[in-house]
Each structure stands twice: as structure tokens, then as C-alpha cells.
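# A closer look at the structure
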Amino acid sequence: MKNVRKTYPGNVTVIEDLNLEIKDKEFVVLVGPSGCGKSTTLRMIAGLESVSDGDLMIGDRKVNNVPPKDRDIAMVFQTYALYPHMNVYKNMAFGLLQRKEDPKVIDEKVRNAAKILDLEPYLERKPKALSGGQRQRVALGRAMVREPAIFLLDEPLSNLDAKLRTEMRSQIGKLHKDLQTTFVYVTHDQTEAMTMADRICVMKGGVIQQYDTPDNLYNYPANMFVASFIGSPEMNMFPAKVVSKGGKYYVALDDLEIEIPEGIIRSDKIANYVGKEVVFGIRPEDMHPEELVKETYPDAIMKVKAELVENMGSEQNIYFNHDSAKANNSMSICRTNDRDHIEIGDVVELGLDKHRMHLFDKDTEEAILL
């Protein structure tokens, strides 16, 4: 997609100057909050929405005005979109029947897809006799038998319960590896994005915030939006100030003065922020009550009072207020393992992993250490 723009009547622009390249056989996930433009982007690729401006290329072919049926794509919808009066076999075969393919070829393709998706026992059933997960597998099978160049999936798991979503995530990931075909997947669920994608495109307000691997999005977020959106619970943010002493840089956070390790400074931008207010970010899992961490980072120990404790089985989420974050009017979170047995009201010393800290520009919200 080169400089792609999507404007609706009334001069309402949903996508502004979108540039996105998806490689052959790649699994790319478009993720972001409701209304960010991810489904509109997918529908433009499918041909269900027109491109207002810019170029949409599939391979070497510009497809702006090519009908959906001629784009060699298959789309799987959130609502399954199965024909209720047809059994599973006929639902899966429908697209091939419309193309008047050889009945023997159709039968081979349908049964092969049914075997891969574990649908063989259900081929004679109607959709109403299937579970949500089975219906979604039928929708995937209907797309599979067409052997498209690109699979487009629009929030296909959002109607399923948590257990089924986890099962279907692994099935779709396996399907991608087996078929060796390009997948473009839309979701608002960052867990789906992180576990399935080769690369993730994080969107907000019709603009790409960051397009990168799951690891890089998590470890090197480009701005505060990506830092907060990727990761659960989201990253803690505290107002702070950058200080320079003896050729070293420090983050001043209330009564703490944390030295910034040289290894995490990946640009010279930090020098421009000396004496200025910034936003200090650290993930809940990088705040540790263990003594070893506190001994490793003696200048980065934050003393907090547990206001709320969520016992998650193998871990605890500890909610606390911190003086520097009171302006945000929200509690911060530390995630720790259940062996710590922290109770509400306990005063806890948390060692902050300095090598996992993040700094952001207070005004632009862009990362400083990148």
C-alpha cells in the first residue's frame, strides 16, 4: 500500500497516507483500538472498500479497480457468514462450485481441508448443529479450498470464548505454516497479535504507529501509545526529569535518581533532554520485590504500599499509588510470582530493572532512548 488514503462522503478521512509492505508468505496482524482504521485497511485489500488515493499493489499488479473476485484473495469474517441451509461440505465447496471446477477436484480439496481442520466428522451437519469454534473452522476451510494467494481474516475469533480463542489461535498459526501463504489478520486483541504474527502493524486514528516484530514492539516501543497498547497489564508511566552528572545520565523520579545504563541508550537524543521533564516507563514485570534485583540495582528501589492485590494463580498483580503518578489519577501495577504472598496494606520495596526502562518525550510522546 503506497500513500493510500480513504475518505468517505462529507470529507471524513479514515486513513491518511498509509504506507505498508507485506512480504510474501508473511503473517501480518493489524492491531489497534476500535475505529483506528484496521478493518477499513483490510477491506481495501479485499476490494470491499475503494481506495480514495494512492496505490494498492498485489505483487506487481495495481488492483485499485480490480473486483474482489479477481484479486486471488479469500476473506474470513467475524460472523462466519455460513449458509444456514447448507451442510458443512456444501459450505466449504460453495466457492469452487461457483467457479464450476471439476467435481472430483472439489471433493478432494474439501476433504483435504476438512482433515487438516478436524472437520471430517461434521461434513453432513448444518451450521446450527456446530459450536462457535467449529463454525469458524468451516469458514477457514471455505477459504482454504480456494487456495488463494492471500488470506484476509477480520477479527475471526472475537465471538469465541477464551478457551476456544486460545485453541483457534494455535490452529490458525499452524495453518499458516502448513499452507505457506500470506495472512493478513485484523484484531483489537494484542495477545492474539503477539502470539501469531511475524510482524505487527499498530494503528491509531488511521495512522501506523509502529510496524515491527512482536519482540521489537514489546522491547522497543516507538511511542507511549505502542508502549501502553502492547503488553498486559500495560506499562507504568511516571513523570520524571533527565539529569546529567560526570558524563552520565540519570532519571530523577521523586526521591530516586536512577542512572541510565549506557547499553540502553541507542541514540544521542538523550543529551537534548537534560533538565527537561520526560515520562519514565517500566513494565509491571520489570519491578521486582526479590532481594537479588534490589542488590543489582541499589539506586532503583521504589517503596510502595499495596492498595489492591490480584491473585492470578502463578503470579500476583500488585496495585499501588506513587506520588509522582498521582497526576495521572490511576494506580500503577507490579507483577510478581505468588511466592511473595504480598497482602493489601503491605509496604513493598520494588527493585526496578534499569536495563528495561523506557523514556518518552512529554510532548510528542515519542521514545527517547531508541
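Read on for a plain summary of the structure. (Residues numbered from 1 in each chain as written. Predicted model: local features only at pLDDT ≥ 70, side-chain atom pairs only at ≥ 80, totals over all residues. Heavy atoms only, no water.)

## Details of the pattern of salt bridges
Counted according to the given criterion, the structure contains 18 salt bridges. Between Glu49 and Lys6 there is a salt bridge, with the nearest N and O atoms lying 3.6 Å from each other. With Glu49 in the loop between helix H1 (38–46) and strand S4 (53–55) and Lys6 in strand S1 (residues 2–8), this pair connects stretches of sequence that are 43 residues apart. Judged by relative accessible area, Lys6 falls into the buried class, the value being 4%. For the salt bridge of Lys69 with Asp70, the shortest nitrogen-to-oxygen distance reads 3.5 Å. Assessed through its relative accessible area of 38%, Asp70 is described here as partly exposed. Among the charged side chains, a network of salt bridges with common partners joins Arg99, Glu101, Lys109 and Glu147. (Salt bridge = Lys/Arg side-chain N within 4 Å of Asp/Glu carboxyl O. Helix = DSSP H or I, 4+ residues; strand = E, 2+ residues; numbered from the N terminus. Buried < 20%, exposed > 50% of the residue type's maximum accessible area, 1.4 Å probe, protein only.)

## What to know about the pairing of strand S9 (residues 182–187)
A large share of S9 lies buried, amounting to six of its six residues. In S9, alternate side chains face the same way, and those of Thr182, Val184 and Val186 on one face and Phe183, Tyr185 and Thr187 on the other are all buried. Both strand S8 (residues 150–154) and S9 contribute to a ladder of five bridges, which runs parallel. Bridge pairing in S9 links Phe151 to Phe183. In terms of handedness, the path from S8 via helix H5 (residues 162–179) over to S9 forms a crossover that is right-handed. (Pairing = 2+ DSSP bridges. Right-handed = clockwise from strand over helix to strand, strands pointing away.)

## Brief notes about the packing of helix H4 (residues 132–144) against H5
Remark: H4 packs on H5, axes separated minimally by 11 Å, with the N-to-C direction vectors making an angle of 15°. When the axes of H4 and H5 are compared, the pair comes out roughly parallel. As H4 runs across H5, the sense of the crossing is right-handed. On H5, the residues touching Gly133, Gln136, Arg137, Leu140 and Met144 of H4 are Leu164, Met168, Gln171, Ile172, Leu175 and Leu179. Residue composition of the contact of H4 with H5, grouped by class: seven nonpolar, three polar and one charged. (Axes fitted to C-alpha atoms, helices over the stretch in contact; angles between N-to-C directions. Parallel < 35°, antiparallel > 145°, perpendicular 65-115°, else oblique. Left-handed = near helix turned anticlockwise from the far one by under 90°. Contact = heavy atoms within 4.5 Å. Nonpolar A, V, L, I, M, F, W, Y, C, P; charged D, E, K, R; others polar.)

## Re a nonpolar patch on the surface
Together, Leu308, Met331 and Ile344 make up an exposed nonpolar region whose accessible area comes to about 260 Å². On the basis of relative accessible area, Met331 is assigned to the partly exposed category, the value being 37%. (Patch = residues over 30% accessible without salt bridge, like charges linked within 9 Å, V, L, I, M, F, W, Y side chains within 5 Å. Areas by Shrake-Rupley, 256 points an atom, 1.4 Å probe, with all protein chains shown as cover.)

## Focus on H1
Three- or four-residue spacings in an α-helix give side chains the same orientation, since the helix completes a turn every 3.6 residues. Burial runs high along H1: seven of the nine residues are buried. Taken together, the buried positions of H1 are occupied by Lys38, Thr40, Thr41, Leu42, Met44, Ile45 and Ala46. A positive phi of about 90° marks Gly47, the residue just after H1.

## Looking at the sheet that holds strand S19 (residues 332–337)
Paired through their backbone hydrogen bonds, the strands of a sheet run either parallel or antiparallel. Strand order in the open sheet formed by five strands is S16-S20-S17-S18-S19, with antiparallel pairing between adjacent strands. The open sheet has two edge strands, strand S16 (287–288) and S19, and neither has a second partner. Both strand S18 (residues 315–320) and S19 contribute to a ladder of six bridges, which runs antiparallel. By the bridge assignment, Glu315 is partnered in S19 with Asn337.

## What to know about the side chain of Arg142
Take Arg142: it is sitting in helix H4. Among buried charged residues, Arg142 stands out as having no salt bridge; its nearest opposite-charge side chain is Asp154, 12 Å away. Excluding residues that lie within four positions of it along the chain, Arg142 makes contacts with Tyr80, Ala81, Leu82, Tyr83, Asn91 and Met92. (Lys, Arg positive; Asp, Glu negative; His and termini not counted.)

## A word on the nonpolar core
Grouped together as the largest cluster of nonpolar side chains are 47 residues, with contacts concentrated most on Met92, Val110, Leu140, Leu153, Ile172, Tyr185 and Val202. Val251, Phe280, Met302 and Val304 belong to the second-largest nonpolar core, a separate cluster that totals 33 residues. (Core = buried A, V, L, I, M, F, W, Y, C linked by side-chain atoms within 4.5 Å.)

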